Amino acid sequence: MEYRISVHKQMGPYSPHQLRRMWDHGELSANTYYYDELRAEWLPLRDLVESTSNLFTVEEAFVRVGQSRLKGCLCVHNKEEIMRLFVDGGYVVSALGDMQEGEFALSRALSLEDATYEWILGEEPLTTNLRLNITEYVLKHAIARDVHIGSKQSKRQQTVILGKGVRDKITRKPGFSLRPAGDPTLKLPLVKLTNIVGRELQCDVVIDHLKVSRRHCLLEVSDQTVKVKDLESSNGTFVNGISIRDGVLKVGDQISLGGYQLVLHKDEENGPG
C-alpha cells in the first residue's frame, strides 16, 4: 500500500516501510500528513507509524468500501492468515485466501478473529471469481456492528441484526438529519450507517467551524436511534449540555460540537430513493 504525504499534502506516494524508516531517521516532522484512501481524508503521519489498530472494524471497513464504490483490495489478516477481497464499484469481484477462494474466502475474511486490515487503492485481481453486490451481501448476512472507536473496554464487539430501519438506511433515503439550532431550515442528512462529523472536507457531515475538530464525532444510525461517539475532539461533544464520550441520541436532542449547536430530527419523507 502506498501513501501520499506532505506537510503541504502534495508529496508521495511512499510505502508504509519507507514512511516508518523516514520517521525513525527524523526525516519527517510531527506535522506531516498522509492521505488514507479508505477514509478519504488526510491524517497525521504519527497515527500511521505509531498506531497498532484501525479506526473501523473489518466489517465496518467492508461496508464503507461498498458505500464509497471504491476500486481496490481490502487485505484482512491476523497472525495466521491473510485474505484478499478485491472490490470494484460496490461489488466484490474476487476473494482469495491461503486455502479458500470465492464466497468461502469472503465469509472467512469477515469472521477472522483478531483481524486487522489494509486498504490498497486501485489493486486488481489476476482473475475474478465473484460478482457479489456488497449492499445485498450486507443485508443477507446481517453485517453490522456496535462501533466503539478506540474503545479500551471491549475488543470483541457484538454483531447485531439489521432491522427494517437499518436496511432502509442502506437502500433508501436517510431517516435522520441534523439541523443547526440557529437555522432549522438547513438539513444535514445522515446518509450512511456510520457518519463521521467534522471540519475535514472528506467527512460524511462537514461542519465548517473553527472550534469543530477535523474528525469530531461519529454518528451510527440504527433502527430507531442514533448513537454518538466523541472522536477525542479538542473541544468535546455535548448532548443537551452534558459532556459525553458516547451515548444514544433521541429525536430533539441538541448536540454541541465545540459550541456549534445541532438538533437531531427524524425525517418522515423516507421513501424509496
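Before reading on, note that the structure itself is shown above.
Residues numbered from 1 in each chain as written. Predicted model: local features only at pLDDT ≥ 70, side-chain atom pairs only at ≥ 80, totals over all residues. Heavy atoms only, no water.

Caption draft 1: Quick look at helix 3 (residues 58–68). Along helix 3, 9 of the 11 residues are buried, which leaves the element largely enclosed by surrounding structure. Buried residues of helix 3: Val58, Glu59, Glu60, Ala61, Phe62, Val63, Arg64, Val65 and Gly66, and no others. (Buried < 20%, exposed > 50% of the residue type's maximum accessible area, 1.4 Å probe, protein only. Helix = DSSP H or I, 4+ residues; strand = E, 2+ residues; numbered from the N terminus.)

Caption draft 2: Geometry of unusual backbone geometry. The phi torsion at Asp114 lies on the positive side, around 55 degrees, for a residue other than glycine. Note that Asp114 resides in the loop between helix 4 (103–110) and strand 8 (116–121). On the basis of relative accessible area, Asp114 is assigned to the exposed category, the value being 75%. The residue Glu232 is not glycine, and still its phi comes out positive at about 55 degrees.

Caption draft 3: Structural detail: the packing of aromatic side chains. Applying the stated rule across the entire model yields 1 aromatic pair. For Arg131, the ring lying beneath its charged end belongs to Tyr91, and the centroid distance is 3.9 Å. Above the ring of Phe176, the side-chain terminus of Lys266 is found at 4.4 Å from the ring centroid. (Phe/Tyr/Trp six-rings, centres within 6.5 Å; stacked < 30°, edge-to-face > 60°. Lys NZ or Arg CZ within 6 Å of the ring centre and 35° of its normal.)

Caption draft 4: How the structure looks around the sheet that holds strand 11 (residues 188–189). Strand order in this open sheet of 6 strands is 11-10-20-19-16-17, and the pairing throughout is antiparallel. Every interior strand has two partners, whereas the edge strands, strand 11 and strand 17 (242–244), have only one. Looking at chain direction, strand 16 (residues 237–239) and strand 19 (residues 254–257) are connected through 3 bridges and run antiparallel. Note on strand 19: the bridge partner recorded for Thr237 is Leu257. (Pairing = 2+ DSSP bridges.)

Caption draft 5: Summary view of the pattern of salt bridges. Scanning the entire structure with this criterion turns up 5 salt bridges. A salt bridge links Arg64 to Asp204; the nearest nitrogen and oxygen atoms lie 3.5 Å apart. With a gap of 140 residues between them, Arg64 in helix 3 and Asp204 in the loop between strand 12 (194–198) and strand 13 (205–206) connect regions that are remote in the sequence. Close ionic contact of Glu124 with Lys71 constitutes a salt bridge, the shortest N to O distance being 2.6 Å. Taken as a pair, Glu124 in the loop between strand 8 and strand 9 (132–133) and Lys71 in the loop between helix 3 and strand 5 (72–77) lie far apart in primary sequence, 53 residues in all. (Salt bridge = Lys/Arg side-chain N within 4 Å of Asp/Glu carboxyl O.)

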